[in-house]
Amino acid sequence: MPKLGMEPIRRRALIGAAIEQIHATGSLDVTVGQIARRAGVSSALAHHYFGGKEDLIIAAMRHLLRELGHKVKRDLVGVADGRCRVSAIIAANFSPEQFGAETISAWLNFYVKAQGSVEAARLLRVYARRLHSNLTHALGSLLSKNEARRVAEGIGAMIDGVYLRHALRTTVPNAAQAIAIVEDFVNVQVGRK
(Lines give C-alpha, C1' and ligand atoms only; values in the text may rest on other atoms or scores of the structure.)
Protein backbone atom coordinates (compact mmCIF):
# COMPACT_ATOMS: atom_id res chain seq x y z
CA MET A 1 0.00 0.00 0.00
CA PRO A 2 1.46 3.40 -0.96
CA LYS A 3 2.36 5.81 1.80
CA LEU A 4 -0.07 8.63 2.41
CA GLY A 5 0.87 11.50 0.12
CA MET A 6 2.86 9.36 -2.33
CA GLU A 7 0.00 8.85 -4.77
CA PRO A 8 0.02 12.42 -6.15
CA ILE A 9 3.81 12.28 -6.50
CA ARG A 10 3.70 8.98 -8.35
CA ARG A 11 0.80 10.11 -10.53
CA ARG A 12 2.73 13.27 -11.47
CA ALA A 13 5.85 11.19 -12.14
CA LEU A 14 3.87 8.94 -14.47
CA ILE A 15 2.32 11.90 -16.28
CA GLY A 16 5.76 13.48 -16.72
CA ALA A 17 7.16 10.16 -17.90
CA ALA A 18 4.31 9.81 -20.41
CA ILE A 19 5.15 13.21 -21.90
CA GLU A 20 8.85 12.32 -22.01
CA GLN A 21 8.17 8.91 -23.59
CA ILE A 22 5.87 10.39 -26.24
CA HIS A 23 8.68 12.81 -27.13
CA ALA A 24 11.31 10.06 -27.17
CA THR A 25 9.14 7.84 -29.35
CA GLY A 26 7.81 10.63 -31.52
CA SER A 27 4.29 9.25 -31.34
CA LEU A 28 1.63 7.89 -29.03
CA ASP A 29 2.88 4.40 -29.87
CA VAL A 30 4.14 3.95 -26.34
CA THR A 31 3.35 1.36 -23.71
CA VAL A 32 2.42 1.70 -20.07
CA GLY A 33 5.49 -0.43 -19.33
CA GLN A 34 7.81 2.06 -21.07
CA ILE A 35 6.20 4.96 -19.24
CA ALA A 36 6.36 3.16 -15.89
CA ARG A 37 10.05 2.32 -16.36
CA ARG A 38 10.79 5.94 -17.19
CA ALA A 39 8.91 7.00 -14.03
CA GLY A 40 10.72 4.42 -11.91
CA VAL A 41 7.57 2.56 -10.89
CA SER A 42 6.08 -0.80 -11.76
CA SER A 43 3.74 -1.27 -14.68
CA ALA A 44 1.16 -2.62 -12.24
CA LEU A 45 1.28 0.61 -10.24
CA ALA A 46 0.81 2.65 -13.41
CA HIS A 47 -2.23 0.53 -14.31
CA HIS A 48 -3.52 0.95 -10.75
CA TYR A 49 -3.39 4.74 -10.98
CA PHE A 50 -4.58 5.18 -14.56
CA GLY A 51 -6.17 1.97 -15.76
CA GLY A 52 -4.48 1.91 -19.15
CA LYS A 53 -2.50 3.83 -21.71
CA GLU A 54 -5.46 5.82 -23.04
CA ASP A 55 -6.34 7.05 -19.55
CA LEU A 56 -2.72 7.96 -18.88
CA ILE A 57 -2.45 9.94 -22.13
CA ILE A 58 -5.70 11.79 -21.37
CA ALA A 59 -4.37 12.50 -17.86
CA ALA A 60 -1.20 13.97 -19.40
CA MET A 61 -3.32 16.22 -21.64
CA ARG A 62 -5.41 17.33 -18.67
CA HIS A 63 -2.26 18.02 -16.68
CA LEU A 64 -0.77 20.27 -19.37
CA LEU A 65 -4.08 22.10 -19.82
CA ARG A 66 -4.51 22.56 -16.07
CA GLU A 67 -0.95 23.88 -15.75
CA LEU A 68 -1.54 26.30 -18.62
CA GLY A 69 -4.79 27.48 -17.04
CA HIS A 70 -3.07 28.09 -13.69
CA LYS A 71 -0.23 29.96 -15.41
CA VAL A 72 -2.63 32.22 -17.31
CA LYS A 73 -4.61 32.98 -14.13
CA ARG A 74 -1.46 33.78 -12.15
CA ASP A 75 -0.05 35.98 -14.90
CA LEU A 76 -3.28 37.95 -15.29
CA VAL A 77 -3.59 38.89 -11.63
CA GLY A 78 -3.44 42.66 -11.36
CA VAL A 79 -3.15 43.24 -15.11
CA ALA A 80 -5.94 45.62 -16.16
CA ASP A 81 -4.76 46.90 -19.55
CA GLY A 82 -6.26 44.82 -22.36
CA ARG A 83 -3.14 44.82 -24.53
CA CYS A 84 -1.00 43.75 -21.57
CA ARG A 85 -3.49 40.96 -20.83
CA VAL A 86 -3.14 39.70 -24.41
CA SER A 87 0.65 39.66 -24.01
CA ALA A 88 0.38 37.79 -20.71
CA ILE A 89 -1.82 35.13 -22.29
CA ILE A 90 0.57 34.74 -25.22
CA ALA A 91 3.59 34.51 -22.91
CA ALA A 92 1.87 31.88 -20.75
CA ASN A 93 1.37 29.69 -23.81
CA PHE A 94 5.12 29.82 -24.46
CA SER A 95 6.24 29.41 -20.85
CA PRO A 96 9.01 26.87 -20.19
CA GLU A 97 6.48 24.37 -18.80
CA GLN A 98 4.45 24.50 -22.01
CA PHE A 99 7.03 25.20 -24.71
CA GLY A 100 9.76 22.66 -24.07
CA ALA A 101 10.65 20.10 -26.74
CA GLU A 102 8.89 17.31 -24.82
CA THR A 103 5.63 19.19 -24.33
CA ILE A 104 5.64 20.40 -27.93
CA SER A 105 5.91 16.78 -29.08
CA ALA A 106 3.16 15.79 -26.69
CA TRP A 107 0.85 18.57 -27.95
CA LEU A 108 1.40 17.57 -31.58
CA ASN A 109 0.52 13.98 -30.76
CA PHE A 110 -2.49 15.05 -28.69
CA TYR A 111 -3.84 16.93 -31.69
CA VAL A 112 -3.45 13.79 -33.80
CA LYS A 113 -5.11 11.72 -31.07
CA ALA A 114 -8.06 14.11 -31.00
CA GLN A 115 -8.92 13.00 -34.54
CA GLY A 116 -9.96 9.59 -33.19
CA SER A 117 -10.65 10.17 -29.49
CA VAL A 118 -13.82 11.82 -28.23
CA GLU A 119 -12.21 12.73 -24.90
CA ALA A 120 -9.03 14.15 -26.45
CA ALA A 121 -11.12 16.18 -28.91
CA ARG A 122 -13.25 17.47 -26.03
CA LEU A 123 -10.17 18.56 -24.07
CA LEU A 124 -8.76 20.42 -27.07
CA ARG A 125 -12.12 22.13 -27.65
CA VAL A 126 -12.13 23.25 -24.00
CA TYR A 127 -8.60 24.61 -24.43
CA ALA A 128 -9.51 26.44 -27.66
CA ARG A 129 -12.67 27.95 -26.15
CA ARG A 130 -10.83 29.08 -23.02
CA LEU A 131 -8.03 30.66 -25.04
CA HIS A 132 -10.51 32.35 -27.35
CA SER A 133 -12.60 33.63 -24.44
CA ASN A 134 -9.59 35.00 -22.55
CA LEU A 135 -8.23 36.71 -25.64
CA THR A 136 -11.62 38.09 -26.73
CA HIS A 137 -12.16 39.56 -23.28
CA ALA A 138 -8.69 41.13 -23.25
CA LEU A 139 -9.14 42.54 -26.76
CA GLY A 140 -12.59 43.90 -25.90
CA SER A 141 -11.18 47.20 -24.69
CA LEU A 142 -9.16 47.60 -27.90
CA LEU A 143 -11.48 46.43 -30.65
CA SER A 144 -15.15 45.99 -31.47
CA LYS A 145 -16.74 42.73 -30.32
CA ASN A 146 -16.59 41.15 -33.79
CA GLU A 147 -13.02 42.33 -34.38
CA ALA A 148 -11.97 41.06 -30.95
CA ARG A 149 -13.37 37.62 -31.79
CA ARG A 150 -11.64 37.59 -35.18
CA VAL A 151 -8.28 38.66 -33.77
CA ALA A 152 -8.60 36.18 -30.89
CA GLU A 153 -9.15 33.42 -33.45
CA GLY A 154 -6.06 34.58 -35.35
CA ILE A 155 -3.92 34.64 -32.20
CA GLY A 156 -5.03 31.10 -31.36
CA ALA A 157 -4.15 29.96 -34.86
CA MET A 158 -0.77 31.68 -34.61
CA ILE A 159 0.00 29.97 -31.28
CA ASP A 160 -1.00 26.56 -32.65
CA GLY A 161 0.96 27.19 -35.85
CA VAL A 162 4.12 28.16 -33.99
CA TYR A 163 3.83 24.95 -31.94
CA LEU A 164 3.40 22.90 -35.10
CA ARG A 165 6.44 24.46 -36.76
CA HIS A 166 8.56 23.89 -33.67
CA ALA A 167 7.39 20.27 -33.46
CA LEU A 168 8.88 19.72 -36.91
CA ARG A 169 12.25 21.28 -36.03
CA THR A 170 15.24 19.65 -34.44
CA THR A 171 16.40 22.86 -32.76
CA VAL A 172 15.70 23.90 -29.18
CA PRO A 173 12.42 25.83 -28.98
CA ASN A 174 12.96 29.57 -28.71
CA ALA A 175 10.12 31.05 -26.63
CA ALA A 176 11.19 34.67 -27.13
CA GLN A 177 11.14 34.22 -30.90
CA ALA A 178 7.77 32.45 -30.75
CA ILE A 179 6.26 35.21 -28.61
CA ALA A 180 7.65 37.88 -30.97
CA ILE A 181 5.99 36.22 -33.98
CA VAL A 182 2.58 36.19 -32.30
CA GLU A 183 3.04 39.69 -30.86
CA ASP A 184 3.85 41.04 -34.35
CA PHE A 185 0.52 39.66 -35.55
CA VAL A 186 -1.30 41.28 -32.62
CA ASN A 187 0.41 44.61 -33.18
CA VAL A 188 -0.71 44.69 -36.81
CA GLN A 189 -4.26 43.71 -35.86
CA VAL A 190 -4.71 46.28 -33.10
CA GLY A 191 -2.86 49.01 -34.97
CA ARG A 192 0.10 49.41 -32.65
CA LYS A 193 3.70 49.18 -33.84
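Residues numbered from 1 in each chain as written. Predicted model: local features only at pLDDT ≥ 70, side-chain atom pairs only at ≥ 80, totals over all residues. Heavy atoms only, no water.

**Student:** Teacher, can you tell me more about the overall build of the protein here?
**Tutor:** Looking only at helices and strands, the protein has 9 helices and 0 strands in total. Listing the helices and strands of the protein from first to last along the sequence gives α-α-α-α-α-α-α-α-α. For the protein, whose C-alpha radius of gyration is 18 Å, the value lies close to the compact-globule estimate of 16 Å for 193 residues. Across its three principal axes, the protein shows a C-alpha extent of roughly 60 × 35 × 30 Å. In the protein, which comprises 193 residues, the proportion classed as buried is 42%. Taking the intrachain contacts of the protein between residues at least 6 apart in sequence as the baseline, contacts between residues at least 24 apart amount to 67%. (Helix = DSSP H or I, 4+ residues; strand = E, 2+ residues; numbered from the N terminus. Rg over C-alpha atoms; globule rule 2.2 N^0.38 Å. Buried < 20%, exposed > 50% of the residue type's maximum accessible area, 1.4 Å probe, protein only. Contact = heavy atoms within 4.5 Å.)

**Student:** Mind showing me how you'd approach the nonpolar core here?
**Tutor:** The tendency in soluble globular proteins is for nonpolar side chains to be buried as a group. With 61 residues, the main nonpolar core has Leu14, Val86, Phe94, Phe110, Leu139, Ile155 and Ile159 as its most contacted residues. If you tally residues by element for this core, the top one is helix α4 (residues 53-76), at 11 residues. Filtering out sequence-adjacent residues up to four positions away, Val86 remains in contact with Leu135, Ala138, Leu139, Ile155 and Val186. (Core = buried A, V, L, I, M, F, W, Y, C linked by side-chain atoms within 4.5 Å.)

**Student:** How do you make sense of helix α5 (residues 82-93) when you look at a structure like this?
**Tutor:** Given 3.6 residues per turn, any residue in an α-helix points the same way as the ones three and four places further on. For α5, spanning 12 residues, the distance from its first C-alpha to its last is 17 Å, which sits close to the expected 16 Å at 1.5 Å a residue. Counted residue by residue, α5 has 9 buried out of 12 residues, so it is predominantly covered. Those residues of α5 that sit buried are Gly82, Arg83, Arg85, Val86, Ala88, Ile89, Ile90, Ala92 and Asn93. Each element contacted by the buried residues of α5 is listed here: α4, α7 (118-139), α8 (145-167) and α9 (175-190). Residue Asp81 occupies the N-cap position of α5, its side-chain oxygen lying 3.2 Å from the main-chain nitrogen of Arg83. (Expected span 1.5 Å × (residues − 1). Polar contact = N/O pair within 3.5 Å; in protein donor to acceptor, adjacent residues only side chain to side chain.)

**Student:** Mind showing me how you'd approach the pattern of salt bridges here?
**Tutor:** Applying the stated criterion across every chain, the model contains 7 salt bridges. Across the pair Glu20 and Arg38 runs a salt bridge, and its minimum N-O distance is 3.8 Å. Taken together, the positions of Glu20 in helix α1 (residues 6-25) and Arg38 in helix α2 (residues 32-39) put the pair 18 residues apart, joining distant regions of the chain. For Lys71, the salt bridge is made with Asp75, and the minimal N-O distance between the two is 3.0 Å. A residue pair is termed a helical-turn pair when its members lie 3 or 4 positions apart in one helix, as Lys71 and Asp75 do in helix α4 at 4 residues. Given the relative accessible area of 21%, Lys71 is considered partly exposed. Judged by relative accessible area, Asp75 falls into the partly exposed class, the value being 26%. One network of salt bridges, in which partners are shared, links Arg62, Glu119 and Arg122. (Salt bridge = Lys/Arg side-chain N within 4 Å of Asp/Glu carboxyl O.)

**Student:** Just checking my understanding: could you explain the packing of aromatic side chains for this structure?
**Tutor:** Geometry of an aromatic ring pair is reported as the spacing of the ring centres plus the angle between the planes. Throughout the structure, instances matching the rule amount to 5 aromatic pairs. Arranged with centres 5.6 Å apart and planes meeting at 25 degrees, the rings of Phe94 and Tyr163 form a pair that is stacked. Of this pair, Phe94 sits in the loop between α5 and α6 (101-114) while Tyr163 sits in helix α8, and the two are 69 residues apart along the sequence. Like Tyr163, Phe94 is buried. Aromatic side chains Trp107 and Phe110 sit 5.7 Å apart centroid to centroid with 85 degrees between the ring planes, which places their arrangement in the edge-to-face category. Of the two residues, Trp107 and Phe110 are both situated in helix α6; the distance of 3 residues between them amounts to about one turn of the helix. In this structure, Trp107 and Phe110 share a single accessibility class: buried. Three or more aromatic residues link up through ring pairs in this structure, and these residues are Phe94, Phe99 and Tyr163. (Phe/Tyr/Trp six-rings, centres within 6.5 Å; stacked < 30°, edge-to-face > 60°.)

**Student:** Looking at this structure, I do not really get the side chain of Gln21. What am I missing?
**Tutor:** Assignment of secondary structure puts Gln21 in helix α1. Look at Gln21 and you get buried, because its relative accessible area is 10%.

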